[in-house]
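Residues per chain, in single letters:
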Amino acid sequence: MLLRKAKPCELDTIYIMGFDAWGIGTSLEDYLHQCRASSKYQSGTWYVLIEKDQLIASVIVYYSGFALQEGCVGIGSVATQPSQREKGYGAKLIQLLALELLKTHHTLFLHSDIHPAYYQRLGFRPFRKSVSCMYMTHLQSDNRLTQPNYF
């Protein structure tokens, strides 16, 4: 398995992975138009998990904005190809990404719109008393961290 930055020609494939979850009530054409025009999506860096030359899963990383403090990054829009779900690819993507990002950043944040236990199994924990904001850090104390805005 290979983790790498997404190529521009892969963005529609990435967006379509999340259509069943985030495109509810809209046509695929309208959903793709919204994704392509999204300043939020344009402000992040997309990463993909590749296996046997097939794009399996994706995630976006925000290195700034959203009230992220220095040394912190935000992870969002984790998605897996519908035909590849329930096979551990999303978890593998997050694990590989966390290993890479924690080489240069001290804290990873994500806002979970699924049951937090999924991310807790991967080493994230709820940020203070938040139900949806989770984080992973190698800081000895998180007292100076502040919760970023939703991304």
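Now for a description of the structure that goes with this document. (Residues numbered from 1 in each chain as written. Predicted model: local features only at pLDDT ≥ 70, side-chain atom pairs only at ≥ 80, totals over all residues. Heavy atoms only, no water.)

1. Some thoughts on the environment of Gln81
To keep things clear, this is the line we draw: Where helices and strands are cited, they refer to DSSP runs of H or I of at least four residues and of E of at least two residues respectively, numbered from the N terminus. Three exposure classes are used, based on accessible area relative to the maximum for each residue type with a 1.4 Å probe and protein chains only: buried under 20%, partly exposed in between, and exposed over 50%. Note on contacts: a residue pair is in contact if any heavy atoms of the two residues lie within 4.5 Å. Here a polar contact is recorded for every N or O atom pair within 3.5 Å, except that within protein the pair must consist of a potential hydrogen donor and a potential acceptor, and residues adjacent in sequence are included only if both atoms are side-chain atoms.
Mapped onto the elements, Gln81 comes out in the loop between β4 (72-80) and α5 (89-101). Given a relative accessible area of 18%, Gln81 falls into the buried group. Placed 25 residues apart in sequence, Gln81 and Ile56 show a C-alpha to C-alpha distance of 5.6 Å. The contacts of Gln81, once residues within four sequence positions are left out, are Thr13, Met17, Leu55 and Ile56. One polar contact links the side chain of Gln81 to the main-chain carbonyl oxygen of Leu55, over a distance of 3.4 Å.

2. Some details on the nonpolar core
Within soluble globular proteins, side chains that are nonpolar generally end up buried alongside one another. So the rule is basically this: What we call a nonpolar core is a set of buried Ala, Val, Leu, Ile, Met, Phe, Trp, Tyr and Cys residues that are connected through their side-chain atoms within 4.5 Å.
Core analysis: the biggest nonpolar cluster contains 23 residues, and Ile14, Tyr15, Tyr41, Trp46 and Phe109 have the highest contact counts within it. Mapped onto this core, the elements with two or more residues apiece are α1 (11-17), α3 (28-37), β2 (45-51), β3 (54-62), β4 and β7 (133-137). Each residue touching Tyr41, except ones within four places of it in the same chain, is listed here: Tyr15, Cys35, Trp46, Ile60, Tyr62 and Ser77. Counting residues in each nonpolar core, the second largest holds 22 residues, with Tyr47, Leu49, Val73 and Met134 among its members.

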